[in-house]
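Tertiary structure, described
Residues per chain, in single letters:
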Amino acid sequence: MRVLGIEGTAWCASAAVFDDAGGDVFVESDAYEPDSGGIHPREAAEHMGEAIPQVIARTLARAREEYGPDPIDAVAFSRGPGLGPCLRIVGTAARALSRTLEVPLVGVNHMVAHLEIGRHLSGFDSPVCLNASGANAHLLGYRDGRYRVLGETMDTGVGNALDKFTRHVGWSHPGGPKIEAHAEGGDYVELPYVVKGMDFSFSGIMSAAKAAYDDGVPVEDVCNSLQEHTFAMLTEVAERALSLTGTDELVLGGGVGQNDRLRGMLGEMCAARGAEFYAPEPRFLRDNAGMIAVLGAKMAAAGDVVAVAESAIDPDFRPDEVPVTWRDDGESVSRSVGPVSGSTADGGGTGDAGDDADLRGAEAVVEISGEAVTKRRLPKGYRHPELDASLRRDRTVTEARLLADARKQGVPTPLVWDVDVTEATIRMQRVGERDLAAALTDEHVRTVGGYLARLHAADVVHGDPTTRNVRIDGDRVFLVDFGLGYGSGHVEDHAMDLHVFEQSLEGTAAEPEALVAAFEGGYAAVGEETVLERLRGIEGRGRYQ
Ligand SMILES: C[C@@H](O)[C@H](NC(=O)OP(=O)(O)OC[C@H]1O[C@@H](n2cnc3c(N)ncnc32)[C@H](O)[C@@H]1O)C(=O)O
Ligand SMILES: [Fe+2]
C-alpha cells in the first residue's frame, strides 16, 4: 500500500509518500521561518496556505513518476495537536485530495506519529518513547490498546521552553539549534532542576536562564547549562520509565531529538543499563510528513480510516486518546505501571520481605542486610559532574530529613542511622515484613490515608506513595522511600500524592473500589476536604481517563 501523508501542525508544511511494500519514503517540506521572534499563528497559517498545495503537487508528481498514473491508496493527515488555523488548512487539503483521488482518509495524531516513526525504523517491539518536541514533552508506553502517558511536562514543551529563552536573547525561531551551537565551549552554571516522579517542569529553569543572561552571565554558559539541565531531566525520567516498565528499548521522537547532547545523554544512560536506544535521523525527528505517511499506512492497513464528515481537526488531540488499532495487546509494556507519575522511582524501595538482597533501581541501589538497609544513589555518567553531585547530595539530605520530619508528625518511618552525604548513602532501619501490595486491607489503606494527611498538614509531600512504598508489620504501617519527597503546602501537590496512591491501588487490586473509599475515609478524617476536591479535578484531566 502507498500512502500520501500531509503534515502542517505549526511550522512545517510537508507531504510525503510511503510505500509499505518497498519501505521507501520520500518527503517534500517547506518550513516557515519568521523574520524575528517566535511563531506567529497567523503568519504560520498564511505560510501553510501557500506551501501545502505546492508540496502536495510536487509529491504527487514524483509518486506518478515512480509508481505510475494511479499511485496512491490512502491520504493521511495530521489531525492534531497543533495550531488551529494551520490544522484547518491541512484538514481541508487532505479531504479534497482523498475525494479527488477517490481513496480513503486517515486522521493521524502528530505525537503518536513522532513515536511510531522511531518504532518503525528501529524494529523494536515495545519500546518506551521519549517525545521531545516543540510544543510537547512526554514519555509514552503502549498498554492495552492505548499509548499511556507515563510522564510529561507540567508546563511548556521542551522546544518551546528553549525557544522562549532565545527569543529573550533576540534570536529568531527556531531557537534550539542556536542554543546547541552556542553551548559549545560554555561553562556550567547552576539552574533549577525539577523532576517529580516521571513528570517535569521547565518554567522555573527558563525564568532563571533569562535572569542569568540579564545579570551578565555569558550566553554560552547559559546555553550550555540549559542543555545540561533540561536534557538531564528528560534522561532521568526516561530511565525511570524503563526501570518501571521493565522495558529495555527506548526510542526518541520530536524536533529537539536532533540535538546531539540530548542523544548522547540518552545513549549513555541506555548503554549503562544494558538497554537499546534508537534515534531516527534528523529529517524524521523534526516535523515531517514521512512520519504521518508511515503511521497512516499502518492505520489504513488496520481499516482505521475516517469518514470525511467525522474528520474534524483537534488542536488539543492527546496521544492517549487514540485507540491503537494497528498493534496487538500482547505487546503491552508492564501492567504494573498505571498512567501516573511516581511509582517506585527507586525501583523497589526496601524491597520484599525475606532474604537479604540487592535491589537496583533507576536511581539507587538498595542493600538489605539483617536489620539494616543501605541505600546509595548512584553517580550518573550522562549528567554534568557538578549537577550529578548536587542532585545526589540534595536528594540524600532531603530523604533523611523527611524520614525524620514524618516521624515527628506521628507517621512511622525507618530510623535513620547514618547519612554519608559525599557517598549519597543512607543507612537505616529495616521495617515491615512485607509491602502493602501483599497485605492490602481496608484498615491498612485507611491508616495510609491518615498518615498522608498528617504529612500534608506539616507541608510534607511524600512524592511517591505507592503500595510498594508502604511496609506492613502486623498492624503496623510504615511509609518508606521519601526520595522524591519535598516540602509544599500546595493543594495540588497534596492531591497528587493521593492520586499516585489511588492509581497504585488500582494497579495492584482486582477490585479497588472499597480500598479507595477506605483510603479517602482515612484521609478525610484528618486532612483537608479541599485536597479531596482537587483530586477529583486531577482525575478529570485528559491523561488520567
Ligand atoms: C504540535 C506540533 O506542531 C509540534 N511540533 C513541533 O514543535 O516541531 P518539532 O519539529 O517536533 O520540534 C521543533 C522544536 O525543536 C527544536 N529544535 C530543533 N533543532 C534543535 C536542536 N538542535 N537542539 C534543540 N532543539 C532543537 C526547535 O527549537 C523547536 O522548538 C510538536 O510536536 O509538539
Ligand atoms: Fe512535532
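Residues numbered from 1 in each chain as written. Chains lettered and ligands numbered in written order. Predicted model: local features only at pLDDT ≥ 70, side-chain atom pairs only at ≥ 80, totals over all residues. Heavy atoms only, no water.

**Remarks on the domain arrangement of the protein**
Domain annotation of the protein identifies domain 1 (2–117 + 285–325), domain 2 (121–281), domain 3 (358–429) and domain 4 (434–544). One C-alpha centre belongs to domain 1, the other to domain 2; they are set 26 Å apart. Contact with domain 1, which involves 22 residues of that partner, is made by 26 residues of domain 2. Carbon and sulfur atoms make up 61% of the surface buried where domain 1 meets domain 2, a total of about 2100 Å² over both sides. Looking only at domain 1, the three residues that lose the most surface to domain 2 are L115, L285 and V324, adding up to 34% of its buried area. For the interface between domain 1 and domain 2, the tally reads one salt bridge. Taking the shortest distance from any N to any O, the salt bridge between R318 and E152 comes out at 3.6 Å. Seen at the junction of domain 1 and domain 2, the total is twelve residue pairs in polar contact (both at pLDDT 80 or more). For the side of domain 1 that touches domain 2, the element with the most residues is helix α3 (residues 110–122), which contributes six residues. (Domains from an automatic or database assignment. Contact = heavy atoms within 4.5 Å. Buried area = accessible area lost by both parts, 1.4 Å probe. Salt bridge = Lys/Arg side-chain N within 4 Å of Asp/Glu carboxyl O. Polar contact = N/O pair within 3.5 Å; in protein donor to acceptor, adjacent residues only side chain to side chain. Helix = DSSP H or I, 4+ residues; strand = E, 2+ residues; numbered from the N terminus.)

**Thoughts on the pairing of strand β16 (residues 416–420)**
As paired strands, β16 and strand β17 (residues 425–429) are joined by four bridges and run antiparallel to one another. In the strand pairing of β17, D420 is matched with T425. With antiparallel pairing between neighbouring strands as the criterion, β16 and β17 make up a hairpin whose turn holds four residues, including A424 at a positive phi of roughly 55 degrees. (Pairing = 2+ DSSP bridges.)

**What to know about empty space enclosed by the protein**
Considering all chains together, one arrives at three cavities of 30 Å³ or more under this definition. In terms of lining, the largest cavity is formed by E236, E239, R240, A362, E363, K380, Y382 and R383. Residue classes in the lining of the largest cavity are distributed as two nonpolar, no polar and six charged. Of the residues that make up the lining of the largest cavity, three or more belong to each of domain 2 (121–281) and domain 3 (358–429). (1 Å grid on protein atoms, 1.4 Å probe; cavity = no way out; pocket = protein on both sides within 12 Å on 5 of 7 lines; lining within 4 Å. Points joined across faces, edges and corners; volume = space filled by probe spheres on them. Nonpolar A, V, L, I, M, F, W, Y, C, P; charged D, E, K, R; others polar.)

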